[in-house]
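Given next are the chains, with one letter for each unit.
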Amino acid sequence: MVVGRKIQIKGIVQGVGFRPFVYGLAEKYTITGWVRNSSAGVEIIANGQGSDISSFIKTVQSRPPLLSKIDSIKIEEIAPDNFSGFEILQSEALPGEFIPVSPDVSICDDCLRELFNPKDRRFRYPFINCTNCGPRFTIIKDIPYDRPLTTMAGFKMCEACREEYENPLDRRFHAQPVACEECGPQIWFEDHTGNHTFGEAGLQTARQWIKHGKIIAIKGLGGFHLACDALNEEAVEELRSRKKRSDKPFAVMVFDTSFAEKHCFMNPTERSLLESKEKPIVIFKRKSTSEIPASIAPGVNTLGIMLPYTPLHYLLMEPEPGYPEVLVMTSGNLREEPIAFTNSSAISELDIIADGFLLHDREIETRVDDSVITEVHNKSYFFRRSRGFAPDPVRLDLELRPLLAVGAELKNTFCLTRENYAFLSHHIGDLQNLETLQAFEEGIPHYESLFKIKPEAIACDLHPDYLSTQYAEKRSCKENLPLIRVQHHHAHLASVLADNDWVTDEPVICISFDGTGYGLDGVIWGGEFLYGGYAQFERKLHLENMPLPGGDSATHHPAKIAAAYLWKNGVEWADDIPSIQSFSSDQRSILLSQLEKDINCPRTSSLGRLFDAVASLTGLCHEVNYEAQAAIELENSINSEQEKAYHFEFDNQQIKIAPVLESIILDIQNSVTKSDIAAKFHNSVRLLVLEGCNKISQETGCRTIALSGGVWQNKFLVSNAIVDLEEVGYRVLVHHQVPANDGGLALGQALIANFQLNKK
Ligand code: ZN
Ligand code: ZN
Ligand code: FE
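Residues numbered from 1 in each chain as written. Chains lettered and ligands numbered in written order. Predicted model: local features only at pLDDT ≥ 70, side-chain atom pairs only at ≥ 80, totals over all residues. Heavy atoms only, no water.

Caption draft 1: Here's a closer look at the coordination of the zinc ion (ligand 1). Taken together, C108 (SG), C111 (SG), C130 (SG) and C133 (SG) make up the protein donors of the zinc ion (ligand 1), found 2.3 Å from the metal. Around the zinc ion (ligand 1), the four donor atoms sit at angles spanning 103 to 121 degrees, and that spread fits a shape best called tetrahedral. Counting along the primary sequence, the residues that act as donors to the zinc ion (ligand 1) give the motif C-x2-C-x18-C-x2-C. You can see C111 sitting in helix α3 (residues 109–115) and its partner C130 sitting in the loop between α3 and α4 (159–166), a full 19 residues away along the chain. A relative accessible area of 0% means that C111 is categorised as buried. Look at C130 and you get buried, because its relative accessible area is 0%. (Donors = N, O, S within 2.8 Å, 3.2 Å for Na, K, Ca; no water. Tetrahedral: all angles 85-135°; square planar, octahedral: opposite > 155°, others 65-115°. Helix = DSSP H or I, 4+ residues; strand = E, 2+ residues; numbered from the N terminus. Buried < 20%, exposed > 50% of the residue type's maximum accessible area, 1.4 Å probe, protein only.)

Caption draft 2: Main features of the domain arrangement of the chain. Taken domain by domain, the chain holds domain 1 (2–88), domain 2 (104–254 + 297–368), domain 3 (387–505 + 740–759) and domain 4 (544–702). Using only C-alpha atoms to locate each centre, domain 2 and domain 4 end up separated by 44 Å. Every contact between the two is made by nine residues of domain 2 and, on the other side, six residues of domain 4. Of the roughly 570 Å² buried between domain 2 and domain 4, counting both surfaces, carbon and sulfur atoms make up 45%. Linking domain 2 with domain 4 are zero salt bridges, by the criterion used here. Inspection of the region where domain 2 meets domain 4 yields four residue pairs in polar contact (both at pLDDT 80 or more). (Domains from an automatic or database assignment. Contact = heavy atoms within 4.5 Å. Buried area = accessible area lost by both parts, 1.4 Å probe. Salt bridge = Lys/Arg side-chain N within 4 Å of Asp/Glu carboxyl O. Polar contact = N/O pair within 3.5 Å; in protein donor to acceptor, adjacent residues only side chain to side chain.)

Caption draft 3: Representation of the coordination of the iron ion (ligand 3) within the structure. Surrounding the iron ion (ligand 3) are the protein donor atoms H488 (NE2), H492 (NE2), D514 (OD), D514 (OD) and D742 (OD), at 2.1 to 2.7 Å. Read in sequence order, the donor residues coordinating the iron ion (ligand 3) give the pattern H-x3-H-x21-D-x227-D. Here D742 lies in the loop between β30 (731–733) and α22 (745–759) and D514 lies in strand β22 (residues 508–518), a separation of 228 residues in the sequence. You'll find D514 and D742 in the same group, each marked buried.

Caption draft 4: Looking closely at the sheet that holds strand β21 (residues 483–486). Reading across from one edge, β19-β18-β20-β21 is the order of the four strands in this open sheet, with mixed pairing throughout. Edge positions in the sheet fall to β19 (415–424) and β21, since each has one partner strand and no second. When strand polarity is set aside, the average angle formed by the axes of neighbouring strands in this sheet is 55 degrees. Most of the contacts of helix α11 (residues 434–450) go to β19, to which it runs at about 160 degrees, and overall it touches β18 (394–405) and β19. (Pairing = 2+ DSSP bridges. Axes fitted to C-alpha atoms, helices over the stretch in contact; angles between N-to-C directions.)

Caption draft 5: Spatial organisation of the environment of V101. Following the sequence through the fold, V101 ends up in the loop between β5 (86–88) and α3. Along the backbone, V101 and T342 are 241 residues apart, and their C-alpha atoms lie at a distance of 23 Å. Excluding residues that lie within four positions of it along the chain, V101 makes contacts with I12, F137, I140, I143, P391, D392, L450 and F451.

Caption draft 6: Fine view of the sheet that holds strand β1 (residues 2–12). Sheet architecture is open: five strands sit in the order β4-β1-β3-β2-β5, paired in mixed fashion. On the outer flanks of this sheet lie β4 (69–78) and β5, each paired with one strand and no other. Adjacent strand axes in the sheet meet at a mean angle of 15 degrees, parallel and antiparallel pairs treated alike. As judged from the eight bridges shared by β1 and strand β3 (residues 41–49), these two strands associate in the antiparallel manner. Its bridge partner lying in β3, I7 is registered against I44.

Caption draft 7: Structural detail: the side chain of R385. Along the chain, R385 falls in the loop between β17 (379–384) and β18. Buried R385, no salt bridge; nearest opposite-charge side chain is D392, N-O distance 5.4 Å. At 2.5 Å, the side chain of R385 and the backbone oxygen of D392 are in polar contact. Polar contacts involving the side chain of R385 include one to the main-chain carbonyl oxygen of L424, which spans 3.3 Å. Setting aside anything within four residues of it in sequence, one finds R385 in contact with S371, A390, D392, L424, S425, H426, H427, Q737, V738 and P739. (Lys, Arg positive; Asp, Glu negative; His and termini not counted.)

Caption draft 8: Here's a closer look at the layout of surface pockets. Computed from the structure, the second largest pocket encloses a volume of approximately 400 Å³. Along the walls of the second largest pocket sit 21 residues, with K69, E278, F389, D392 and R395 positioned nearest its centre. When contributions to the lining of the second largest pocket are tallied by element, the ones reaching two or more residues are β17 and β18. Considering only residue class, the lining of the second largest pocket consists of eight nonpolar, six polar and seven charged. Of the domains in this structure, domain 1 (2–88) and domain 3 (387–505 + 740–759) are the two that each give at least three residues to the lining of the second largest pocket. (1 Å grid on protein atoms, 1.4 Å probe; cavity = no way out; pocket = protein on both sides within 12 Å on 5 of 7 lines; lining within 4 Å. Points joined across faces, edges and corners; volume = space filled by probe spheres on them. Nonpolar A, V, L, I, M, F, W, Y, C, P; charged D, E, K, R; others polar.)

Caption draft 9: Here's a closer look at empty space enclosed by the protein. Within this structure, the stated rule accounts for five cavities of 30 Å³ or more. Of the volumes computed, that of the largest cavity is approximately 130 Å³. Lining the largest cavity we find 18 residues, and of these P126, L221, T310, P311 and R362 sit closest to its centre.

Right, here's the structure in full:
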């Protein structure tokens with residue numbers, strides 16, 4: 001008997017080959033009717049024999065196209081109609097409706113084969129793509145996702161491309177960025193004299209220049225990279241000095257996994273992250289046999305590696321005798337400025353760094369940085385969630401109000417919510433930079449229009465000076481929207497809960513170990529044990545407040561922090577302490593009088609700052625030139641055989657650090673190695689975690705522990721804390737979809753605002 005069904009599918013179902021897939025299935029199961037895209041997803045009308053219909057639906061659900069993600073599927077019985085066949089209909093726009101936009105996807109295996117197949121008409125064409133791969137978010141100006149609303153609008157398809165585009169059985173059916181040598185974007189190489197070399201010749205020039213130690217700016221998917229031969233120490237040093245980036249590790253790119261394995265240890269999870277379609281930078285432990293010079297990543301024993309993700313990268317990385325196997329692929333910017341993403345800005349801003357430019361004429365609509373990831377207990381663990389992941393939402397089993405959360409000031413991301421989606425933005429960066437602030441101010445309306453969200457309230461940090469807070473204040477005033485100010489570490493708590501699809505207001509114990517966050521009492525917090533849920537929290541335990549000479553600027557000078565902490569805890573500034581040695585006698589007396597007179601010494605309970613202090617005490621790092629450098633170097637110097645620990649003491653709600661500092665000084669005087677001190681300090685923090693949780697658990701009965709905040713970027717600490725806590729029966733919630741650092745903060749702010757509004 002012929003039956004009829006109306007099927008509505010939501011999720012990532014457009015631009016991923018969903019309709020051709022449905023079309024193919026309809027043929028297979030002799031289904032008649034139609035399929036079409038709407039602004040709410042994909043709609044299907046299917047008529048057929050009962051058993052065919054159920055097989056058809058089952059296959060749609062169980063084996064959808066690789067890049068699709070079905071969030072919901074609604075099936076209704078309808079009366080069968082008289083269709084002569086199965087058709088793909090025109091898209092229909094429904095007012096106010098939306099669907100998630102696909103992130104950019106790395107080149108697929110089919111396209112890669114064609115790229116290197118001399119018989120293919122797209123042989124060595126740097127912009128080959130299909131419905132299973134290619135640019136998405138970075139070229140989309142608005143939805144529905146159709147070519148005229150992308151930066152491909154200006155390229156008129158040739159006959160051959162159009163045929164593929166219009167053929168439902170073709171891999172390029174409705175692949176919006178479809179193009180070929182004849183009709184699509186082109187590359188060219190440009191040097192400082194303005195010489196242009198187009199196409200393959202331009203590519204070969206770039207390769208020659210790289211081979212000979214030059215630095216080339218390359219336009220990629222979400223912005224520019226600066227590339228050079230990673231095995232050429234001189235080139236790497238030159239790049240460091242021109243980019244004014246003295247220590248922060250450079251990421252590298254290799255042609256395939258086998259090249260990465262030469263230099264790094266790799267477990268199966270790390271391998272699958274490296275090879276995943278998102279192609280993030282994966283942080284690996286480096287092999288001592290690797291010939292990659294130390295200057296790629298000074299002071300650390302890790303390497304950030306990514307695989308090629310665009311056809312142009314493959315052409316650039318293609319192995320050839322004498323050609324470098326490993327290229328530095330660092331963001332195309334000066335220092336911490338946002339990456340360049342237009343040809344003209346690259347030429348003007350990167351001119352002093354790059355010897356030449358490999359450019360193309362497909363515009364980037366949204367600048368998106370590479371994502372950075374590692375694994376913790378076989379799950380992904382983000383340092384930066386951006387290209388390949390954004391703007392895919394965090395999905396919650398919870399109906400969310402339409403809200404905007406503006407995030408933190410550094411590592412900014414913002415978040416917009418509606419239905420059961422939390423659209424956490426791509427990495428925006430440091431808002432103190434004017435151009436980044438602009439990207440923030442333009443990014444928010446872009447997301448609002450893509451996902452059709454009109455916020456009914458705005459959430460921001462409690463910090464009055466954050467530029468994100470100021471944006472929120474202005475906008476809430478202008479649009480008369482409620483403004484919800486969220487304490488920084490409460491937002492971290494909510495972020496890790498949301499990351500784990502925690503949908504009730506049941507309280508947890510959250511250890512928010514962090515760098516900096518504005519506290520309820522105006523003091524800088526960051527060594528916090530909180531107890532609470534989305535709607536409210538209590539501060540149960542915290543590191544005792546220490547003076548931070550010079551305020552925020554002290555974060556650049558761990559030696560100053562160390563000296564201040566010693567002074568505050570009554571430990572003498574002995575000459576054999578490396579931090580003290582790093583000062584001249586004049587500097588010492590200035591610092592001493594600053595501390596004694598309490599001039600510009602705000603207080604902080606930050607654990608991040610204690611890491612800085614300890615890194616300096618051991619002599620590892622007295623000055624930093626990138627964020628968290630001291631803590632990263634301290635973690636990297638751990639002697640993992642060393643199991644001893646120092647001991648923090650509790651004094652009511654305060655965690656006393658004096659015993660730890662005193663033991664460290666004693667160890668320094670007894671010539672205990674840096675690696676042992678680093679290990680003992682990390683172990684003492686592990687003990688603190690356990691003891692703190694036990695204290696709060698005894699009082700509250702709570703057995704669930706959540707870990708969030710920038711200090712949890714420390715892989716040693718997070719991996720061990722999970723084991724320590726689970727061993728004694730706690731349930732542990734850690735991040736795995738969004739970063740533990742401030743890059744995940746906006747998600748927490750949004751959830752808190754949602755719960756607080758619901759309560760009212
Ligand atoms: Zn493809
Ligand atoms: Zn073409
Ligand atoms: Fe934070």
